[in-house]
Amino acid sequence: MALITVAFLAAGLISGGVAHVVTRDLVASWTGLGLNPFRPQDQGLPGSTAGPGATPTLNLAVTPQPWAGSERVTILVMGLDFRDWVAGEGSPRTDSMMLVTFDPLTRQAGMLSIPRDLWVEIPGFGHNRINTAYLFGEASRLPGGGPGLAMQTVEDLIGVPIQYFAVIEFSTFERMIDEIGGIDVLVRERMKISPIGRQSFWLEAKPYHLDGAEALAYARVRKGAGDDFGRAERQQQVAEAIMDRVVGFEMIPTLVARAPALYQELSSGIRTNMTLEQMVSIGWSALQIPRSSIHKGVIAPPNMVGFHILPDGANVLRPVPDQIRILRDQIFTNTGGLGPSIDGITGGGGP
């Protein structure tokens, strides 16, 4: 049953993963607490408002949250490239960030993609690109680590409560796509992709069946394909293609049968504060949502961000909070009642 949840998480969250082989390992590594393969060594952080090598005092707990099965669920999904550690570069930045929300009562869902160059206030560290929140949280060894700081940063920016996170490593995503036999996508414009470990090649504007490495490369390509904003749309397209594959080709029985082997193979590639029971319950509920009831959005120009050059010449995206709030309300209103916990956008700010 855990693979049912994984199938949805892969579909709704741009990537996928599996539970651990035994409950002991799941409790030790999936709570977001303590050391695990996603926790690098200590490092000082120039630019931290707490001072180099210091740990800011922040309440960033990411322990499992209760879920009764009827409330809206919002999950922050982050994609990482484990090669950042292998190359000795320390804690990685998030390569992709997406908020996924769904309301099990109205059977409505939403996906909101966040560009990695968005210039925001990161609690305890001043302003920086939003993709550095995970890096700062990990390197400073905050109580909630990278996920906790990333969740707080996105909550402050978007103004919605986030209950869960899922951090997924690229090789795990590739393996999960291969496990379901690849995905079908309609390439909308000619582009060159570079699958990891393979030669680059061109995709024409037509339908393709992509394996895991190709799907990852398609979702990540930037140059000449809409840059980060077209990239975010493709990530959402890939998410829906995974869901189509899992549901349309009735992959769930096969995934369940393969669960023990997949647990062993992919357990180190995903980190989350969801318990196994929550993953099963959330995933099963989410799979009941019709494709037509999934609302999508990307924080993108011309209204929601402005292009800005920092004094050092770096290019970043300055958020326009009022416009981001409009998109947020469209996605979250369409997926059910907003509720009293949603405030105005308090983060963002400009360089």
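Figured I'd write up the structure that's included with this text. For clarity, every value in this text was computed on a predicted model and none was experimentally measured.

1. A look at the environment of arginine 93
Tracing the backbone through its elements, the reader meets arginine 93 in the loop between helix 3 (83-86) and strand 2 (96-103). Taking the C-alpha atoms as reference, arginine 93 lies 9.9 Å from glutamate 138; in sequence the two are 45 residues apart.

2. A look at the environment of isoleucine 324
Within the secondary structure, isoleucine 324 sits in helix 12 (residues 321-334). A relative accessible area of 1% means that isoleucine 324 is categorised as buried. For the pair isoleucine 324 and leucine 157, spaced 167 residues apart in sequence, the C-alpha to C-alpha distance is 8.8 Å.

3. A look at the pattern of salt bridges
A side chain with one charge may pair with a side chain of the opposite charge, provided their charged atoms come close. Under the definition given, this model contains 12 salt bridges. The residue arginine 220 makes a salt bridge to aspartate 95 at a minimum N-O spacing of 3.2 Å. Here the residue arginine 220 occupies a position in helix 7 (residues 212-220), and aspartate 95 occupies one in the loop between helix 3 and strand 2, the gap between them amounting to 125 residues. Overall, arginine 220 belongs to the partly exposed group, its relative accessible area being 25%. Look at aspartate 95 and you get buried, because its relative accessible area is 8%. Of the charged contacts in the structure, one is a salt bridge between glutamate 204 and arginine 190, with a shortest N-O distance of 3.0 Å. Of this pair, glutamate 204 sits in the loop between strand 9 (201-203) and strand 10 (207-210) while arginine 190 sits in the loop between strand 7 (183-186) and strand 8 (191-193), and the two are 14 residues apart along the sequence. The exposure class assigned to arginine 190 is partly exposed, which follows from its relative accessible area of 44%.

4. A look at the environment of glutamate 179
Checked against the element boundaries, glutamate 179 lands in helix 6 (residues 170-179). Through-space distance from the C-alpha of glutamate 179 to that of aspartate 211 is 9.3 Å; in sequence the pair is 32 residues apart.

5. A few points about the side chain of aspartate 117
Looking at the element boundaries, aspartate 117 is found in the loop between strand 3 (108-114) and strand 4 (119-122). On the basis of relative accessibility, which here comes to 18%, the residue aspartate 117 falls in the buried class. Leaving out residues up to four positions away in the same chain, aspartate 117 has contacts with Arg129, Arg222, Asp228, Val316 and Leu317.

The rules behind these values
- Counting starts from 1 at the beginning of each chain's written sequence and moves along it residue by residue.
- Only residues with pLDDT of at least 70 are given local features in this predicted model, and only at 80 or more are side-chain atom pairs given and counted; all residues enter the totals for whole chains, interfaces and linings.
- Values reported for side chains reflect all heavy atoms of the structure, with hydrogen atoms and water molecules removed beforehand.
- Going along the chain from the N terminus, every DSSP run of H or I of four or more residues is numbered as a helix, and every run of E of two or more is numbered as a strand.
- The buried label goes to any residue with under 20% of its type's maximum accessible area, the exposed label to any with over 50%, and the partly exposed label to all in between, with areas taken from a 1.4 Å probe on protein chains only.
- For salt bridges, the criterion is a side-chain nitrogen of Lys or Arg within 4 Å of an Asp or Glu carboxyl oxygen.
- Every residue pair with non-hydrogen atoms within 4.5 Å of one another is taken to be in contact.

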